[in-house]
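A closer look at the structure
What follows is the residue order along each chain.
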Amino acid sequence: MSFLPARKGRNRQRYEGHLRLVAGCIPYRFQKDVDDSNDSVTSRITVLMISTPNRDDLVFPKGGWEDDETVHEAACREALEEAGVKGILDEDPLGVWEFRSKSSQNCCSMEGGCRGYMFALEVTEELDSWAEQTSYKRKWLSPEEAYKYCRYDWMRNALRVFLRSIKDDLMSGTAEKLVEHPMFPGADAKAEQQMLASASYSAKPPAVQHLEGSFTTTNNKCIVQG
């Protein structure tokens, strides 16, 4: 199967002041026919993370937002390049986090700062081959496992916000019986409270770009075409 090569370099990279702008997503899917008497949200969801060589921890797909694409296109492109998945992207970001790039974790200067826009992506297609397959391996995990193996604290915060959003969506939708149950069944209710504790992220920016080009919008969802 042929695929577009991954973008390299930073010639088209967007910046805001000294901060490099980054877009990423939390890919997820609902499991069907789950036998769970507690009807917990987390038992019905798996999230996709990627591994890198010589590391045991995991990350969500993310990368530089470039000047010829919208933030939504950048998030979907990174999911396709790094994880080989396509799907339906929430139009509204989960939040915006500021962090340092991995090469500048121990640097005291302003260099290496990033501002990351994270979205939820409901996966509808998983490719057998993708652009950065040799560098990244996919792993589908429960939310509890994802939280445990997450490399960065800011990504754990994004996962908390994502789970809260999913729970709110289900509570306002057809799955009314999920309202009465914790997201972690039984003895894991305490773990739920810890994961859903207030996440430290900045407010959603008013200037997040709207969809253009190869995306269509339905009920605040961005459907990736092609």
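Presented here is a report on the structure given in the accompanying data block.

What counts, and at which threshold
- Residues numbered from 1 in each chain as written.
- Predicted model: local features only at pLDDT ≥ 70, side-chain atom pairs only at ≥ 80, totals over all residues.
- Heavy atoms only, no water.
- Helix = DSSP H or I, 4+ residues; strand = E, 2+ residues; numbered from the N terminus.
- Buried < 20%, exposed > 50% of the residue type's maximum accessible area, 1.4 Å probe, protein only.
- Lys, Arg positive; Asp, Glu negative; His and termini not counted.
- Salt bridge = Lys/Arg side-chain N within 4 Å of Asp/Glu carboxyl O.
- Polar contact = N/O pair within 3.5 Å; in protein donor to acceptor, adjacent residues only side chain to side chain.
- Pairing = 2+ DSSP bridges.
- Contact = heavy atoms within 4.5 Å.
- Core = buried A, V, L, I, M, F, W, Y, C linked by side-chain atoms within 4.5 Å.
- Phe/Tyr/Trp six-rings, centres within 6.5 Å; stacked < 30°, edge-to-face > 60°.

1. With respect to the side chain of E73
- Take E73: it is sitting in helix α1 (residues 71-83).
- In this structure E73 is buried but unpaired, with R14 as the nearest side chain of opposite charge at 7.4 Å.
- Within the structure, E73 has its side chain in polar contact with the backbone nitrogen of T70 (distance 2.8 Å).

2. Let's talk about unusual backbone geometry
- Positive phi, close to 65 degrees, is recorded for N54, a residue that is not glycine.
- Along the chain, N54 falls in the loop between β3 (45-51) and β4 (58-59).
- The class of N54 is exposed, set by a relative accessible area of 83%.

3. A word on the pattern of salt bridges
- Summed over all chains, the structure comprises 12 salt bridges.
- Two residues, R115 and E16, come together in a salt bridge whose shortest N-O distance is 2.2 Å. Here E16 lies in strand β1 (residues 15-16) and R115 lies in strand β8 (residues 113-126), a separation of 99 residues in the sequence.
- Judged by its relative accessible area of 15%, R115 falls in the buried class.
- Taking relative accessible area as the criterion, E16 reaches 42% and is therefore assigned partly exposed.
- D57 is the salt-bridge partner of R151, the closest N and O atoms lying 3.0 Å from each other. Here R151, found in the loop between α2 (143-149) and α3 (153-172), pairs with D57, found in the loop between β3 and β4; they are 94 residues apart in sequence, far enough to count as distant.

4. Topic: the pairing of β8
- Along β8, 10 of the 14 residues are buried, which leaves the element largely enclosed by surrounding structure.
- In terms of strand pairing, strand β2 (residues 19-30) meets β8 through nine bridges, oriented parallel. The partner of R20 across the bridge, within β8, is C114.
- Here strand β7 (residues 95-100) runs beside β8; their pairing, made up of six bridges, is antiparallel. Residue pairing in the sheet places W97 in a bridge with G116 of β8.

5. Considerations on the side chain of R115
- Polar contacts involving the side chain of R115 include one to the side chain of E98, which spans 2.5 Å.
- R115 has contacts with E16, L19, R20, L21, V22, V96, W97 and E98, leaving out every residue within four places of it along the chain.

6. Here's the deal with the environment of R160
- Within the secondary structure layout, R160 lies in helix α3.
- Spatially, the C-alpha atom of R160 lies 9.2 Å from that of P143, the residues being 17 residues apart in sequence.

7. Quick word on the nonpolar core
- Counting 49 residues, the largest nonpolar core has I26, V47, F60 and F162 as the members making the most contacts within it.
- For this core, the secondary-structure elements that each account for two or more residues are β2, β3, β4, α1, β6 (85-90), β7, β8 and α3.
- With nine residues, the single largest contributor to this core is α3.
- Those residues in contact with F60 that lie beyond four places of it in its chain are C25, I26, P27, V47, L48, M49, M118, C150, M155 and L159.

8. Re the packing of aromatic side chains
- Considering all chains together, one arrives at five aromatic pairs under this definition.
- On the numbers, 5.1 Å between centres and 55 degrees between planes, the contact of Y28 with F162 is tilted. On the criterion of sequence distance, the pair formed by Y28 in strand β2 and F162 in helix α3 is long-range, its members being 134 residues apart.
- The interplanar angle of 80 degrees and the centroid separation of 5.6 Å between the aromatic rings of W65 and Y117 together place this pair among those described as edge-to-face.

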